[in-house]
Amino acid sequence: MFYDRGRELEKLNEVYSYPGSSFIVIYGRRRVGKTTLVREFLKDKLALYFFVGEKDEALLLEEWSREVEERLSSHLPPYVKPKFGSLEELMEFLLDFSRERTLVVVFDEFQNFRTVKPSFFSSLQRLWDEKKNSSNVMLIAVGSYVGMIKRIFMGKKEPLFGRVDEWIKLKPFDFWTAWGFVRSLVDIDSRHFVELYSALGGMPRYLLYIPRYYRGNSIDAVKGLFFDEFAPLREEGLNILKLEFGRFYRSYFSILEAVSLGRVTPKEISDKTGLKPLTVGKYLSELTNHYEYLTKEVPVTENPLKTRKVAYRISDEFFNFWFRFIYHNYTALEENPERVFERFKAEFPAFVGETYERIAREFVKKQDLGFKPERVGRWWHKGEEIDVVAYDRENIALFEVKWKSLSLKDVKSILKALDRKAQLLPLRGHYKLGIIAREFEDKEGLREEGFLAFDLDDLIR
Ligand SMILES: Nc1ncnc2c1ncn2[C@@H]1O[C@H](COP(=O)(O)OP(=O)(O)OP(=O)(O)O)[C@@H](O)[C@H]1O
Ligand SMILES: [Mg+2]
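Conventions we followed
- Residues numbered from 1 in each chain as written.
- Chains lettered and ligands numbered in written order.
- Predicted model: local features only at pLDDT ≥ 70, side-chain atom pairs only at ≥ 80, totals over all residues.
- Heavy atoms only, no water.
- Helix = DSSP H or I, 4+ residues; strand = E, 2+ residues; numbered from the N terminus.
- Buried < 20%, exposed > 50% of the residue type's maximum accessible area, 1.4 Å probe, protein only.
- Contact = heavy atoms within 4.5 Å.
- Areas by Shrake-Rupley, 256 points an atom, 1.4 Å probe, with all protein chains shown as cover.
- Lys, Arg positive; Asp, Glu negative; His and termini not counted.
- Charge placed at Lys NZ, Arg CZ, Asp CG, Glu CD.
- Near = heavy atom within 4 Å.
- Polar contact = N/O pair within 3.5 Å; in protein donor to acceptor, adjacent residues only side chain to side chain.
- Nonpolar A, V, L, I, M, F, W, Y, C, P; charged D, E, K, R; others polar.
- Domains from an automatic or database assignment.
- UniProt positions renumbered as here; feature names shortened; annotations may be inferred.
- 1 Å grid on protein atoms, 1.4 Å probe; cavity = no way out; pocket = protein on both sides within 12 Å on 5 of 7 lines; lining within 4 Å.
- Points joined across faces, edges and corners; volume = space filled by probe spheres on them.
- Patch = residues over 30% accessible without salt bridge, like charges linked within 9 Å, V, L, I, M, F, W, Y side chains within 5 Å.
- Salt bridge = Lys/Arg side-chain N within 4 Å of Asp/Glu carboxyl O.
- Buried area = accessible area lost by both parts, 1.4 Å probe.
- Pairing = 2+ DSSP bridges.
- Phe/Tyr/Trp six-rings, centres within 6.5 Å; stacked < 30°, edge-to-face > 60°.

Colleague: Before we go on, may I ask you to explain the overall build of the chain in this structure?
Modeller: Helix and strand counts for the chain stand at 22 helices and 12 strands. Considering only C-alpha atoms, the chain reaches an extent of 85 × 55 × 50 Å along its principal axes. Split into buried and exposed, the 461 residues of the chain put 54% on the buried side. Contacts in the chain between residues at least 24 apart in sequence constitute 67% of all its contacts with a sequence separation of at least 6. Carbon and sulfur atoms provide 48% of the accessible area of the chain, an area that totals close to 22,300 Å². Seen as two clouds, the 75 positive and the 72 negative side-chain charges of the chain have centres 4 Å apart.

What follows is the structure, given as structure tokens:
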């Protein structure tokens, strides 16, 4: 069953309706659903799907000729049997074929041309420049290794630089889409879902494990997925990222590990990894801007371009979990898996709490607070922290977020502490205080007193 991706399909259909040729790149990390999206888009169209396996050019052409014959035969004279001596010949044929009608051509795992035939990039460029204006090809290059795809199309010296008309970065499902997807597959309560989401994130492929591994207990499901001997996701992070980073993966890995353990400033990361500050700076910038595995955060009241107060976090829930609990314990997992699992169980609630904070911030962005916030984010200064701050020119809403079940007394003391922290903020205006917890007593009473109060039932609706 195909789920969601309405915006991406809409964009693709829009481009499809343009006259002439277009070059589209769909990229996103492995398992995010690129192939599935493209297949869905191709369903009712005249289209060719080519998977660029790491094989000989001749073998690929043999496979692809069959695809051409199958899809296009009704448009070709009966005596023509497609046969191509090179990738260039194939490409030229497709460009010429589409003079008369629109044709979609997909190359999945496009980056593999680097090993199949690196010179194809420049011959593709030549053919494309020469023929695109007289043909109607929608050329879609799908790529899994974000860094490599960017290099191929954005590297100033690369032949295909500047040829792409549209970029689609495919992201994991957001929390609410993931919840809808999983609920359509299996009966699961919202609390368990938040716990599993903390480990799996919004990757459709990983979410599809839930119906098989979830038997009413999320901790057991995580154990089966990550910690058991044949756990399907135990090696997953390594398999994906090693290919992405290539030869120098160790330094990238140690930085990601440090960040997952809560070392979030360049200084802390340098201290933890033993890498020189200059090196850390370079890697952090690559991991953030080029590979997009890290996100840089600043206190919500600061100007991101000017402030030096930065904190990094791993953008993807799955990688965050994997580095924190699996990679960090690699050796121990071999030697004493039971102990690693016991420690994991003790630390997991706090970890879920951090995910819940991020979900809460996304929730606040969509919520009617009586004003439309211009910025929503975390705030911190000298050891003080506020989980969610939302503000415009006149209004400020502050929230404390707890992944716990709270009594009214707990909530009151949390709100009191929040009131004190409010004084530290460099913002003037009308303040509202709020609590977002898993559950708590007397939600209605708190709202009547003028507090903003939301529990998991509100968040997940
Ligand atoms: N929109 C979707 N609805 C339902 N299931 C999906 C969706 N997208 C992906 N999936 C499922 O997730 C799995 C992984 O998706 P897919 O193979 O398309 O990802 P990919 O990005 O092409 O990954 P890879 O890099 O491994 O090729 C598939 O088995 C598919 O069933
Ligand atoms: Mg794929």
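Now, onward.
Colleague: Explanation requested: the site of ligand 1 in the structure shown.
Modeller: Every one of the 18 residues lining ligand 1 counts as a neighbour, but Tyr 3, Arg 31, Lys 34, Thr 35 and Thr 36 are closest to it. The contact in question runs from an oxygen atom of ligand 1 to an N or O atom on the backbone of Gly 33, over 2.9 Å. When contributions to the shell around ligand 1 are tallied by element, the ones reaching two or more residues are helix H2 (34-42) and helix H10 (204-207). Among the residues making up the shell around ligand 1, the classes are represented as 8 nonpolar, 4 polar and 6 charged. Composition of the shell around ligand 1 by domain shows at least three residues from each of domain 1 (6-169) and domain 2 (175-234).

Colleague: Looking at this structure, I do not really get the UniProt feature "domain: ATPase" (unreviewed entry) in the chain. What am I missing?
Modeller: With numbering matched to this structure, UniProt assigns "domain: ATPase" (unreviewed entry) to residues 2-209. Across residues 2-209 one finds 47% helix and 13% strand; the C-alpha atoms that close the span lie 16 Å apart.

Colleague: Please clarify how empty space enclosed by the protein should be interpreted in this entry.
Modeller: In this approach, a probe sized like a water molecule rolls over the atoms, and the result shows the empty space that is left. The final tally for this structure, using the stated rule, is 1 cavity of 30 Å³ or more. Computed from the structure, the largest cavity encloses a volume of approximately 30 Å³. In this structure, the largest cavity is lined by Val 15, Tyr 16, Tyr 18, Gly 20, Ser 22, Thr 102, Asn 136, Val 137 and Met 138. Contributions of two or more residues to the lining of the largest cavity are made by helix H1 (6-17) and strand S4 (137-143). Residues of the lining of the largest cavity, tallied by class, amount to 5 nonpolar, 4 polar and no charged.

Colleague: What should I look at first to understand a negative patch on the surface in this one?
Modeller: Taken together, the side chains of Asp 410, Glu 441, Asp 442 and Glu 448 make up a negatively charged region of the molecular surface. Note that Glu 448 resides in helix H21 (residues 443-448). A relative accessible area of 71% means that Glu 448 is categorised as exposed.

Colleague: Teacher, can you tell me more about the domain arrangement of the chain here?
Modeller: By domain assignment, the chain separates into domain 1 (6-169), domain 2 (175-234), domain 3 (236-335) and domain 4 (356-460). Taking only C-alpha atoms, the centre of domain 2 and the centre of domain 4 are 28 Å apart. Counting residues at the interface gives 9 residues for domain 2 and 10 residues for domain 4. Across the interface of domain 2 and domain 4, roughly 880 Å² is buried in total on both sides, 74% from carbon and sulfur atoms. Ranking the residues of domain 2 by area buried against domain 4 places Trp 176, Arg 191 and Val 194 at the top, with a combined share of 61%. At the boundary of domain 2 with domain 4, the tally comes to 0 salt bridges. If you look at where domain 2 meets domain 4, you find 2 residue pairs in polar contact (both at pLDDT 80 or more).

Colleague: Explain the pairing of strand S2 (residues 47-51) here, please?
Modeller: For a regular strand, the rule is simple: side chains alternate between the two faces of the sheet. Burial within S2 is extensive, with 4 of its 5 residues counted as buried. Pairing of S2 with strand S3 (residues 103-108) involves 5 bridges; the strand directions are parallel. Its bridge partner lying in S3, Phe 51 is registered against Asp 108.

Colleague: Mind showing me how you'd approach the packing of aromatic side chains here?
Modeller: To describe a pair of aromatic rings, you give the distance between the ring centres and the angle between the ring planes. Scanning the entire structure with this criterion turns up 63 aromatic pairs. Residues Tyr 249 and Phe 253 carry aromatic rings whose centres are separated by 5.0 Å and whose planes lie at 80 degrees to one another, so their mutual orientation is edge-to-face. In this pair, Tyr 249 and Phe 253 are both assigned in helix H14 (residues 249-260), 4 residues apart and thus about one turn of the helix distant. Under the relative-accessibility criterion, Tyr 249 is labelled buried at 12%.

Colleague: I would appreciate a short explanation of the pairing of strand S8 (residues 375-381) in the present structure.
Modeller: Counting buried positions over the 7 residues of S8 gives 5, a clear majority of the element. Summarising the sheet, S8 and strand S9 (residues 384-391) pair through 6 bridges and their orientation is antiparallel. Looking at S9, one finds that Trp 379 is bridged to Ile 386. Once S8 ends, the chain turns through 2 residues before running back antiparallel as S9, passing Lys 382 with a positive phi of about 45 degrees.

Colleague: Honestly, unusual backbone geometry in this entry has me stumped. Any pointers?
Modeller: Trans peptide bonds make up the majority, and among non-glycine residues the majority have a negative phi. In this model, Arg 5 sits at a positive phi of 65 degrees, which is unusual for a non-glycine residue. Its location among the elements puts Arg 5 in the segment before H1. Classification of Arg 5 as buried rests on a relative accessible area of 5%. The backbone of Glu 109 shows a phi angle near 60 degrees, a positive value even though the residue is not glycine. With respect to the secondary-structure elements, Glu 109 resides in the loop between S3 and helix H5 (113-116). Look at Glu 109 and you get buried, because its relative accessible area is 10%.

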